[in-house]
Amino acid sequence: MLSRSPPPPVPSSAFRPDWDIFCKVIDNFGDIGVCWRLARQLAGERQLRVRLWVDDLETFRVLCPQVDPTLSIQAVQAIEVRRWETSLVTPAPARVVLETFACRIPETFVEAMAGQSPAPLWINLDHLSAEAWVPGFHMLPSPHPRLPLAKYFFFPGFGSATGGLLRERDLLLRRQQFLGSGELQAAFWRRAGCAPPAAHNLLLSLFAYQHAPIGELLQRCEHAATPVCCLAPLSGTLTALESYAGRALGAGNVVRRGTLEIRVLPFLEQDLYDRLLWLCDVNFVRGEDSFVRAQWAARPMVWQIYPQQEAAHFAKLDAFLDIHCAGLPATSAAAVRGLWHAWNSGRVDAGPWQRFASQLPALREHALRWQEKLARQADLSTRLLRFVRSKL
Ligand code: TRH
């Protein structure tokens, strides 16, 4: 019989954390993905006491299986996790209160913040964008209409005048060690539940929204010069994969057609998902957090941006393409733009994929240069903490 280890101690009510982080899961995994990553970084690298409020522990559990959705308060990896309920009993707010993606923290909590002296520093962590307006709005305060409080807007971004990107201190070192170790890679494939693909295959990872032209992309890979192995963690892509395969699929299933093999993987823990990105030759990513992780993976990538009303997201897509493609030869840049636009517009004819695939050696070099350039800048948590020091 398996013996269960005792649960980690739950913090007492006298505990006052250094940071409160509030997370509302609107849809998908990006909100909790970012909050969990940042919470772990603050606790693990900076030894800060973090309390993370999450309104949807079921979704959180998909990312982090240690989370027990039945508990209102629990300790997970040295972080106090609290279910954010409507009837929130308000403990003393932390010194720094981070609202994420304008999730609107409860009014009772805001009142408690105003009652403290000195008042906590209140920050809203916003969405990532490469658009030119971001530096002008980064770190601006918005005074509360009634209470003696201000909320500061913190914008992640790609330049030195923005909030930067999430990057753990040891991330690039771990990546190097992993890519240099057959043993670590074998352990990864075991945990992903499949045998390593044949060495000569072109590895694609696939994480996308349902409306991506997944079937069309897969058809393009059926008659390729290099066999393609598509690794798809269980997610919103499943319906499209099933209609391509013509049958129900689950983790562990394999579909073969011509030069294409599709492997359905389980939804991976965040750290394992990173390893998948490190191993693949092309990463199809979406939203915000997987998009950033693909950049640290330093491999050619295709980004499906989170769709907004009236196609407003295309301006955001192009803003990133402009900075990302700046150092690329014209043919490679056109191949990237062509496939990214096709993927986001819902049609992938043979041309865009072939042009992109023909540029892979140049794109691989570029991905590494891009990663190195970004890594020379301070990461998001360092910039956040600098901001906190300047205000408290
Ligand atoms: O899930 P997303 O589409 O999240 C989106 C975006 O963040 C978007 O901007 C936001 O407005 C919307 O949510 C509400 O994509 P994203 O941001 O890449 O988040 C996915 C998270 O899931 C990320 O932390 C990586 C993680 N992940 C795993 O841990 N394992 C996996 O197997 C996969 C595929 C992803």
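Structure report, in brief. Keep in mind the model is a prediction, meaning the values are calculated, not measured.

Rules used throughout
Residues numbered from 1 in each chain as written. Predicted model: local features only at pLDDT ≥ 70, side-chain atom pairs only at ≥ 80, totals over all residues. Heavy atoms only, no water. Phe/Tyr/Trp six-rings, centres within 6.5 Å; stacked < 30°, edge-to-face > 60°. Helix = DSSP H or I, 4+ residues; strand = E, 2+ residues; numbered from the N terminus. Buried < 20%, exposed > 50% of the residue type's maximum accessible area, 1.4 Å probe, protein only. Core = buried A, V, L, I, M, F, W, Y, C linked by side-chain atoms within 4.5 Å. Domains from an automatic or database assignment. Contact = heavy atoms within 4.5 Å. 1 Å grid on protein atoms, 1.4 Å probe; cavity = no way out; pocket = protein on both sides within 12 Å on 5 of 7 lines; lining within 4 Å. Points joined across faces, edges and corners; volume = space filled by probe spheres on them. Nonpolar A, V, L, I, M, F, W, Y, C, P; charged D, E, K, R; others polar. Pairing = 2+ DSSP bridges. Axes fitted to C-alpha atoms, helices over the stretch in contact; angles between N-to-C directions. Near = heavy atom within 4 Å. Polar contact = N/O pair within 3.5 Å; in protein donor to acceptor, adjacent residues only side chain to side chain. Areas by Shrake-Rupley, 256 points an atom, 1.4 Å probe, with all protein chains shown as cover. Sits in = over half its atoms within 2 Å of the grid points.

1. Here's the deal with the packing of aromatic side chains
Summed over the entire model, instances satisfying the criterion amount to 27 aromatic pairs. Ring geometry for Trp 53 versus Phe 109: centroids 6.0 Å apart, planes at 75°, classification edge-to-face. With Trp 53 in strand S2 (residues 50-54) and Phe 109 in helix H3 (residues 107-114), the pair connects residues that are 56 residues apart, well separated along the chain. Exposure class is identical for Trp 53 and Phe 109. Each is buried. Joined through ring pairs, the aromatic side chains of Phe 158, Phe 291, Trp 303, Phe 320, Trp 340 and Trp 370 make up one cluster.

2. Description of the nonpolar core
Residues Trp 340, Trp 343, Trp 353 and Phe 356 are the most contacted members of the largest nonpolar core, which totals 75 residues. Counting contributing residues, this core receives three or more from each of domain 1 (19-165 + 378-391) and domain 2 (171-375). Residues within four places of Trp 340 in sequence aside, it is in contact with Phe 291, Met 301, Val 302, Trp 303, Leu 317, Phe 320, Leu 321 and Phe 356. With 38 residues, the next largest nonpolar core counts Ala 39, Leu 52, Leu 57 and Phe 154 among its residues.

3. Thoughts on the layout of surface pockets
Estimated volume of the largest pocket: approximately 830 Å³. Along the walls of the largest pocket sit 42 residues, with Gly 30, Tyr 209, Gly 287, Glu 288 and Asp 289 positioned nearest its centre. Among the elements that make up the lining of the largest pocket, the one with the highest residue count is helix H1 (residues 30-46) (four residues). Each residue belonging to the lining of the largest pocket can be placed in one class, and the counts come to 23 nonpolar, nine polar and 10 charged. Looking at the lining of the largest pocket, you find at least three residues from each of domain 1 (19-165 + 378-391) and domain 2 (171-375).

4. With respect to the sheet that holds strand S14 (residues 301-304)
Backbone-to-backbone hydrogen bonds join strands into a sheet, with any given pair of strands oriented parallel or antiparallel. Read across the sheet, six strands follow the order S11-S12-S10-S9-S13-S14 without closing on themselves; strand pairing throughout is mixed. Of all the strands in the sheet, just strand S11 (254-257) and S14 have a single pairing partner and so form its edges. Averaged over all pairs of adjacent strands, the angle between strand axes in this sheet comes to 15°, irrespective of strand direction. For strand S13 (residues 282-286) and S14, the ladder comprises four bridges, and the chain directions are parallel. Across the sheet, Phe 284 pairs through a bridge with Val 302, a residue of S14. Sheet contacts for helix H9 (residues 270-279): strand S9 (202-206), strand S10 (228-233), strand S12 (260-265) and S13; angle to S13, the most-contacted strand, approximately 135°. Running over the sheet, helix H12 (residues 330-345) touches S9, S13 and S14 and is turned about 35° from S14.

5. Observations concerning the site of the ligand
Taken together, 22 residues surround the ligand, and among them Asp 27, Tyr 209, Leu 268, Asp 289 and Ser 290 come closest. At a separation of 2.9 Å, an oxygen atom of the ligand approaches a polar backbone atom of Gly 30. In isolation the ligand has 700 Å² of accessible area, and contact with the protein removes 97% of it. Among the detected pockets, the ligand sits in the largest pocket. At the level of secondary structure, the elements contributing two or more residues to the shell around the ligand comprise H1, H9 and helix H10 (289-297). Broken down by element, the shell around the ligand gets its largest block of residues, three residues, from H1. For the shell around the ligand, a count of residues per class yields nine nonpolar, seven polar and six charged. Looking at the shell around the ligand, you find at least three residues from each of domain 1 (19-165 + 378-391) and domain 2 (171-375).

6. As for empty space enclosed by the protein
Within this structure, the stated rule accounts for four cavities of 30 Å³ or more. Lining the largest cavity are 13 residues, and of these Val 34, Pro 156, Leu 166, Glu 288 and Val 292 lie nearest its centre. For the lining of the largest cavity, the per-class residue count stands at nine nonpolar, one polar and three charged. When residues of the lining of the largest cavity are sorted by domain, at least three fall in each of domain 1 (19-165 + 378-391) and domain 2 (171-375). Its boundaries defined by the atoms lining it, the second largest cavity holds a volume of some 80 Å³. Surrounding the second largest cavity, Arg 299, Pro 300, Met 301, His 324, Val 336, Trp 340, Phe 356, Leu 363, His 366 and Ala 367 form its lining. Where the lining of the second largest cavity is concerned, the elements lending two or more residues are H12 and helix H14 (360-375). When its residues are assigned to classes, the lining of the second largest cavity shows seven nonpolar, two polar and one charged.

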